[in-house]
Amino acid sequence: MRKFIHIDMDCFYAAVEMRDNPKLTNIPMAIGGNSHRGVLSTANYLAREYGVRSAMSNYQAKKLCPQLVIVPGRMAVYKAVSAQIRTIFTRYTQLIEPLSLDEAYLDVTDCGEFGGSATLIAQQIRADIERETGLTASAGIASIKFLAKIASDENKPNGQFVITPNEVHDFIDTLPLKKIPGVGKVTQQKLLALGFQYGCDIKASSEDFLYQRFGKFGLVLWRRCNGIDERQVETHRVRKSVGVETTFSEDTSDGEELTRRLIESLFPELTRRSQSYLQTRGMNKLGVKVKFFDFQSVSKECQYDSLNVEVLVALLQDLLVRYPNKPVRLIGINIGLIDAKNSQAQLGLFDCD
Ligand SMILES: [Mg+2]
């Protein structure tokens with residue numbers, strides 16, 4: 001059996017800003033990011049009391065909380081703190097999987113500190129973080145990876161929560177499915193319509209039924225709800241693809257318009273984002289994804305070793321002729337990157353997802 005700890009900093013970007021500018025501490029505040037669309041990236045807990053959330057537009061947030069102070073982000077500072085936190089992790093384990101700047105899975109199975117107690121190790125890591133960065137973190141501890149992540153949310157902020165191996169099944173029985181990573185709003189609605197709300201509802205169903213309704217994700221869900229998650233901490237995640245997508249403000253089935261969007265906005269964006277990867281790696285695939293108004297999603301790809309807009313347009317048109325006049329909600333394009341496994345020295349260069 002393995003011991004996983006999921007560490008998640010408490011409202012990370014906002015906490016860093018409050019630490020560095022105490023005037024921001026007792027007022028509702030959020031990080032506005034530098035995106036032209038004006039979307040919040042993090043809000044402090046005072047702002048959250050007004051319903052302000054990350055990914056909300058500045059405009060909407062101000063409507064909910066007129067006195068909200070929005071400050072621009074300082075990514076370089078967040079990255080430096082994130083590096084500081086990762087150094088703390090390495091004192092306890094080398095098996096570290098960062099999920100983002102403020103979140104990571106640790107596998108502490110082989111850590112000998114505190115008699116091997118993952119609960120005490122987590123406590124110490126959080127104490128180290130607080131002493132050395134002035135910021136608080138929450139932790140989840142479990143023998144199963146996805147449960148560690150869910151657990152870190154249970155006693156947030158500045159708390160931790162353990163799910164012991166013999167509590168796993170009871171915990172899952174009463175677990176709202178929306179808390180399982182991968183269950184978004186749409187999936188949640190679909191599950192609810194079928195009468196699935198908690199882990200026990202999925203347990204009582206069958207793998208076959210879930211596969212029919214949800215495809216591969218249905219199988220994953222069934223396995224998670226039965227306490228099965230063989231995934232280990234992935235210390236070297238190498239990006240396998242680069243993609244961009246756009247959701248239209250209104251659904252459209254106009255093929256010419258969709259093609260124009262692919263050529264004029266998606267392709268230049270994909271080219272720009274792929275650039276740094278293609279300097280050191282090759283590509284082997286081009287792909288297109290279309291999501292329709294009813295959330296049905298279809299995709300098509302082909303082997304190709306360079307960025308080519310005509311090929312992408314042909315793939316899009318192939319997909320569209322199969323679903324004539326069906327309104328499209330989103331299109332995306334992507335490239336497959338060639339595995340860089342054989343070049344260990346390059347691994348450190350690539351972003352984690
Ligand atoms: Mg966080």
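Residues numbered from 1 in each chain as written. Predicted model: local features only at pLDDT ≥ 70, side-chain atom pairs only at ≥ 80, totals over all residues. Heavy atoms only, no water.

Trainee: Explanation requested: the overall build of the protein chain in the structure shown.
Mentor: Summing up its helical and strand segments, the protein chain has 13 helices and 12 strands in all. The C-alpha radius of gyration of the protein chain comes to 22 Å, within 12% of the 20 Å expected for a compact globule of 353 residues. Classification of the 353 residues of the protein chain by burial places 41% in the buried group. With an accessible surface of roughly 18,500 Å², the protein chain has 50% of that area assigned to carbon and sulfur atoms. Taken together, the 44 basic and 41 acidic charged side chains of the protein chain have centroids lying 2 Å from each other. (Helix = DSSP H or I, 4+ residues; strand = E, 2+ residues; numbered from the N terminus. Rg over C-alpha atoms; globule rule 2.2 N^0.38 Å. Buried < 20%, exposed > 50% of the residue type's maximum accessible area, 1.4 Å probe, protein only. Areas by Shrake-Rupley, 256 points an atom, 1.4 Å probe, with all protein chains shown as cover. Lys, Arg positive; Asp, Glu negative; His and termini not counted. Charge placed at Lys NZ, Arg CZ, Asp CG, Glu CD.)

Trainee: What is the right way to read the UniProt feature "active site" (unreviewed entry) in the protein chain from this model?
Mentor: With numbering aligned to this structure, UniProt lists the feature "active site" (unreviewed entry) at Glu103. Tracing the backbone shows Glu103 in strand S6 (residues 103-107). Once residues lying within four places of it in the same chain are set aside, the contact partners of Glu103 are His6, Ile7, Asp8, Glu97, Pro98 and Lys149. (UniProt positions renumbered as here; feature names shortened; annotations may be inferred. Contact = heavy atoms within 4.5 Å.)

Trainee: Looking at this structure, I do not really get the UniProt feature "binding site: Mg(2+)" (unreviewed entry) in the protein chain. What am I missing?
Mentor: According to UniProt, the "binding site: Mg(2+)" (unreviewed entry) feature falls on Asp8 and Asp102. Maximum C-alpha separation among the annotated residues is 5.9 Å over a sequence range of 95 residues, consistent with a single clustered spot. Lining of the largest cavity among the annotated residues: Asp102. For Asp8, the location among the structural elements is in strand S1 (residues 4-9). Beyond its immediate stretch of four places on either side in the chain, Asp8 contacts Asp102, Glu103, Ala137, Ser138, Ser152 and Lys156. (1 Å grid on protein atoms, 1.4 Å probe; cavity = no way out; pocket = protein on both sides within 12 Å on 5 of 7 lines; lining within 4 Å.)

Trainee: Can you help me understand the environment of Asp305 in this one?
Mentor: In this structure, Asp305 sits in the loop between strand S11 (297-303) and helix H13 (309-322). Residue Asp305 is classed as exposed on the basis of its relative accessible area, which comes to 60%.

Trainee: Please explain the pattern of salt bridges as it appears in this structure.
Mentor: When the charged atoms of two side chains lie near each other, side chains of opposite charge can form a pair. According to the stated counting rule, one finds 27 salt bridges in the structure shown. Residue Asp110 is joined to Arg2 by a salt bridge in which the shortest nitrogen-to-oxygen separation is 4.0 Å. Highlighted residues: Asp110 in the loop between S6 and helix H5 (118-133) and Arg2 in the segment before S1, separated in sequence by 108 residues. Measuring nitrogen to oxygen at the nearest pair gives 3.7 Å for the salt bridge that ties Arg224 to Asp229. Across this residue pair, the class does not change: Arg224 and Asp229 are buried. Residues participating in the shared-partner salt-bridge network are Glu17, Arg19, Asp20 and Arg74. (Salt bridge = Lys/Arg side-chain N within 4 Å of Asp/Glu carboxyl O.)

Trainee: Help me out: how do you make sense of the coordination of the magnesium ion in this one?
Mentor: Around the magnesium ion, the protein contributes the donor atoms Asp8 (OD), Met9 (O) and Asp102 (OD), at 2.1 to 2.5 Å from the metal centre. As a motif over one chain, the donors of the magnesium ion read D-M-x92-D. Separated by 93 residues along the polypeptide, Met9 in strand S1 and Asp102 in the loop between strand S5 (96-100) and S6 bring together distant segments of the chain. Per residue, the accessibility class of Met9 equals that of Asp102, and both read buried. (Donors = N, O, S within 2.8 Å, 3.2 Å for Na, K, Ca; no water.)

Trainee: Would you mind showing me how to read helix H4 (residues 75-90) here?
Mentor: The α-helix winds at 3.6 residues per turn, so residues separated by three or four positions along the chain end up facing the same way. Helix length check: H4 (16 residues) gives 23 Å between terminal C-alpha atoms against 22 Å at 1.5 Å per residue, within 8%. Those residues of H4 not exposed but buried are Tyr78, Val81, Ser82, Ile85, Ile88 and Phe89. The arc that holds the buried residues of H4, viewed along the axis, is 110°, so those residues lie on one side. Every exposed residue of H4 that faces more than 90 degrees away from the buried side is listed here: Ala76 and Lys79. (Expected span 1.5 Å × (residues − 1). Arc of directions from axis to C-beta.)

Trainee: How do you make sense of the pairing of S6 when you look at a structure like this?
Mentor: Looking down a regular strand, the side chains alternate between one sheet face and the other. A large share of S6 lies buried, amounting to five of its five residues. Here S6 shows no split at all, with Glu103, Tyr105 and Asp107 on one side and Ala104 and Leu106 on the other all buried. Pairing of S1 with S6 involves five bridges; the strand directions are antiparallel. Its bridge partner being in S6, His6 is matched across the sheet by Tyr105. Here S5 pairs with S6 via four bridges, running antiparallel. Bridging from a neighbouring strand, Ser100 pairs with Glu103 of S6. The antiparallel hairpin formed by S5 and S6 contains two residues in its connecting segment. (Pairing = 2+ DSSP bridges.)

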